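# A look at the structure
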Amino acid sequence: MLQYQIIGDDIQYVKVFLNPGEKIYADAGHIMSKSSSVTIQAKMRGGILSAIKRELTGATFFVTELMGPGEVDIAGVFPGKIVPIQLNGKGILAESHSFLFAEDSVNYDAKLAPLAPAILGGEGLFLATFSGVGQVFLHAYGGLYEINLMPGQSIDIEASHLLALEEGMQFTVTRVGGFKTMLFGGEGLYFVRVVGPGKVWIHSITAQQMASALMPFLPGGQKGGLPF
């Protein structure tokens, strides 16, 4: 079983302890440091078709494969929670930018959502898929909310707040009210309706919200920004 330690509270990273010959693979750009004894190389995980689908859904064409012995430190790019999910034959569908790393035994692919709703609904509808047996680690922006839906129970999730859901759950895209609500309601344009049974993971903020909150303080931002 993979040995790891999640460190921190609101800004977390994972320290992974790899035995000799033990492998993980990570999304590019998330590795903070590693032992000199850990080997690293870029891999096209799952063949060229899976790599192309990952590229189209906003993830990376190549992943970074790391092999022990030694330690590896991996972090997300925004403040938030790191979510370890154990797969035991039943897979998950996840927001493509949330992937951090997984055990070598986990299969990594991508699912292309219908194009127009996906673009308008935000990155939450571009889904990576993980299957097999082993652990996959996701990064939730802000806080994390987990809910177990009973058979027939449903929940509407603003599209870019959807982190992951279990494979086999039904989900559809629904528009947010009428034209006036879409323009002035202050929410995204689309919600994802997920129907149980199964487990859903939701993150409390989105990348767009984080960027909007920081915009006034960046050079060239709105009034009140830093005087650069």
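These lines cover the structure that appears in this document, whether it is placed above or below. Everything numeric here is computed off the predicted structure, so don't read it as measured data.

The rules we used
Here the residue numbering is sequential within each chain, running from 1 through the sequence in written order. Totals for whole chains, interfaces and linings use every residue, but because this is a predicted model, local features are given only for residues with pLDDT of at least 70 and side-chain atom pairs only at 80 or more, for both listing and counting. Note that the side-chain values use all heavy atoms of the structure and ignore hydrogens as well as water. Per-residue accessibility, obtained with a 1.4 Å probe over protein chains only, is compared with the maximum for each type, and a residue is labelled buried under 20%, exposed over 50%, and partly exposed between these values. A run of H or I in DSSP becomes a helix once it reaches four residues, and a run of E becomes a strand once it reaches two; helices and strands are each numbered from the N terminus. Following DSSP output, two strands are said to pair if at least two bridges run between them. Only buried residues count toward a nonpolar core, which is a set of Ala, Val, Leu, Ile, Met, Phe, Trp, Tyr and Cys residues joined through side-chain atoms within 4.5 Å. Every residue pair with non-hydrogen atoms within 4.5 Å of one another is taken to be in contact. Each axis is a line fitted through C-alpha atoms, and for a helix only the stretch in contact is used; angles between axes span 0 to 180 degrees, taken between their N-to-C directions. A pair is scored as a salt bridge if a Lys or Arg side-chain nitrogen falls within 4 Å of a carboxyl oxygen belonging to Asp or Glu.

Moving on: the pairing of strand 18 (residues 198-203). Along strand 18, five of the six residues are buried, which leaves the element largely enclosed by surrounding structure. Pairing of strand 13 (residues 144-149) with strand 18 involves six bridges; the strand directions are antiparallel. Bridge pairing links Tyr-145 to Ile-202 in strand 18. Bridging between strand 15 (residues 162-166) and strand 18 involves three bridges; their strand directions are antiparallel. Paired with Leu-162 across the two strands is Ile-202, which belongs to strand 18.

With 19 residues, the main nonpolar core has Tyr-25, Ile-85, Ile-92, Phe-130, Val-136 and Leu-138 as its most contacted residues. Every element with two or more residues in this core is listed here: strand 8 (80-88), strand 9 (92-95), strand 10 (99-103), strand 11 (106-111), strand 12 (127-141) and strand 15. Broken down by element, this core gets its largest block of residues, five residues, from strand 12. In contact with Leu-138, other than residues within four places in its own chain, are Lys-81, Ile-82, Val-83, Ile-85, Ile-92, Ala-94, Ser-98, Phe-99, Leu-100, Phe-130, Leu-163 and Ala-164.

Okay, the sheet that holds strand 7 (residues 70-75) next. One open sheet accounts for four strands, arranged 1-2-7-4; its pairing is antiparallel. At either margin of the open sheet sits one strand with a lone partner, and together these are strand 1 (3-7) and strand 4 (31-34). Looking at each pair of strands side by side, their axes are set apart by 20° on average, direction ignored. Across three bridges, strand 4 lies against strand 7 in antiparallel orientation. Within strand 7, the position partnered with Ser-33 by the bridge is Asp-73.

As a further point, take the pattern of salt bridges. Counting across every chain of the model gives eight salt bridges. In this structure, the salt-bridge partner of Glu-146 is Lys-199, at a minimum N-O distance of 3.0 Å. Taken as a pair, Glu-146 in strand 13 and Lys-199 in strand 18 lie far apart in primary sequence, 53 residues in all. On the basis of relative accessibility, which here comes to 38%, the residue Glu-146 falls in the partly exposed class. Salt-bridge contacts for Arg-193 lead to Asp-156; the nearest nitrogen and oxygen are separated by 2.7 Å. Of this pair, Arg-193 sits in strand 17 (residues 190-195) while Asp-156 sits in strand 14 (residues 154-158), placing them 37 residues apart in sequence.

Take it as geometry only, folks, not as evidence of what the structure does.
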